[in-house]
Amino acid sequence: MIWERAPYRISDDPAVVDLSLVHEFLATSYWARGIPRETVARGIAHSLPFSIFLGDRQVGFARVVTDRATFAYLADVFVIEEQRGRGLGVWLVETALAHPELQGLRRWLLATRDAHGLYRKFGFTDVADPSTLLTRHDPDIYSR
């Protein structure tokens, strides 16, 4: 699908993702520092990606890891620095949440260290009982 807000457009087509841009951004992010390019490619292939473009140039990205029935994890949301402040991050999240294949899900989850305000606009809240969530982390895969 394609969504348009001139001069920008969002596509959920995995074939149009600029893997170099996404990998470069993620590999220097606090949440995926050092992530290998192959891992980024595999993650995109097994997710529902959202790429935002200005003309032919990708300027933002998000992806949803989901079973498309009960659960979705919103991940890797970013807009390149020179395009920030234009509401593009809000539009990416809005588009992902409204995607036809992601309606009626029981639960959405995400992790963020610095964008709580953005996600609260869409109904995300702190986990009511963090003791119900567990995590498994292998720091040897790539540093975080």
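One numbering rule holds for all chains: residues counted from 1, following each sequence as written. Since the coordinates come from a predicted model, pLDDT governs what is reported: local features require at least 70, and pairs of side-chain atoms require 80 or more to be given and counted, while whole-chain, interface and lining totals use all residues. The side-chain numbers reported here are obtained from all heavy atoms of the structure, hydrogens and water having been left aside.

Some points on the overall build of the protein chain
Secondary structure assignment for the protein chain yields four helices and six strands. The C-alpha atoms of the protein chain give a radius of gyration of 15 Å, which matches the 15 Å a tight globule of 144 residues would have. Principal-axis analysis of the C-alpha atoms gives the protein chain an extent of 45 × 35 × 30 Å. Buried residues are those whose accessible area, probed at 1.4 Å on protein chains only, stays under 20% of the maximum for their type, while exposed residues exceed 50% and partly exposed ones sit between those limits. A total of 144 residues make up the protein chain; the buried ones form 41% of that total. Entry remark: accessible area of the protein chain is about 8,800 Å², with carbon and sulfur atoms responsible for 51%. Distance from the positive charge centre (17 side chains) to the negative charge centre (18 side chains) of the protein chain: 3 Å. In this description a helix means any DSSP run of H or I spanning at least four residues, a strand means any run of E spanning at least two, and both kinds are numbered starting from the N terminus. Radius of gyration: C-alpha atoms only; globule rule: 2.2 Å multiplied by the number of residues to the exponent 0.38. Values of accessible area rely on a 1.4 Å probe in the Shrake-Rupley scheme; residue burial ignores everything except the protein chains shown. Note on charges: Lys and Arg go in the positive column, Asp and Glu in the negative column, and His and the chain ends are not counted at all. Taken as the charge location is NZ of Lys, CZ of Arg, CG of Asp or CD of Glu.

A look at the side chain of S47
As for its position among the elements, S47 is in the loop between α2 (37-45) and β3 (48-54). Here a polar contact is taken to be a pair of N or O atoms separated by no more than 3.5 Å, where protein atoms must pair a possible hydrogen donor with a possible acceptor and residues adjacent in sequence count only if both atoms sit in side chains. Looking at S47, its side chain comes within polar contact range of the side chain of R63, at 2.7 Å. For S47, the contacting residues outside a window of four places in its chain are R63, V64 and V65. Two residues qualify as a contact provided that any one of their heavy atoms is within 4.5 Å of a heavy atom in the partner residue.

Observations regarding the nonpolar core
Among buried residues, the Ala, Val, Leu, Ile, Met, Phe, Trp, Tyr and Cys ones that are joined through side-chain atoms within 4.5 Å form a nonpolar core. In terms of nonpolar packing, the biggest core is built from 39 residues, with V22, F50, I52, V64, L74, W108 and Y119 touching the most fellow members. Tallying contributions element by element places helix α3 (residues 88-98) first for this core, with six residues. Beyond its immediate chain neighbours, meaning those up to four positions away, L74 contacts R63, V64, V93, A96, L109, L110 and Y119.

Points about α2
What α2 keeps buried is the set V40, G43 and I44. Down the axis of α2, the sector holding all buried residues measures 100°, keeping them to one side. Residues of α2 that are exposed and point more than 90 degrees away from the buried face comprise E38, R42 and A45. Starting at the helix axis, one direction is taken to each C-beta atom, and the arc is that of these directions.

A look at the pairing of strand β5 (residues 71-79)
Of all the nine residues making up β5, seven are buried; the element is thus mostly covered by neighbouring parts of the structure. Where strand β4 (residues 57-66) lies against β5, six bridges are found, and the strand directions are antiparallel. The residue bridging V65 from the neighbouring strand is Y73, located in β5. The hairpin formed by β4 and β5 contains four residues between the paired strands, and R68 there has a positive phi angle of roughly 60°. Two elements, β5 and strand β6 (residues 107-110), share four bridges in a ladder whose sense is parallel. Bridge pairing links A72 to W108 in β6. Here the term right-handed applies to a crossover when the path leading from its first strand over the helix to its second strand runs clockwise, the strands being oriented away from the viewer. Of the crossover connections in this fold, the one passing from β5 over α3 to the parallel β6 is right-handed. Following DSSP output, two strands are said to pair if at least two bridges run between them.

Re the packing of aromatic side chains
For Phe, Tyr and Trp, where Trp contributes only its six-membered ring, two rings pair if their centres lie within 6.5 Å, and the inter-plane angle classes them as stacked under 30 degrees, edge-to-face over 60, or tilted in between. Counting across every chain of the model gives six aromatic pairs. Here the aromatic rings of W3 and F50 are separated by 6.1 Å at their centres, their planes lie at 45°, and the arrangement is tilted. Highlighted residues: W3 in strand β1 (residues 2-5) and F50 in strand β3, separated in sequence by 47 residues. Here W3 and F50 have matching classes, each one buried. The interplanar angle of 5° and the centroid separation of 3.9 Å between the aromatic rings of F25 and F78 together place this pair among those described as stacked. A residue pair is termed long-range when its members are at least 10 positions apart, and F25 in helix α1 (residues 19-27) and F78 in strand β5 qualify at 53 residues.

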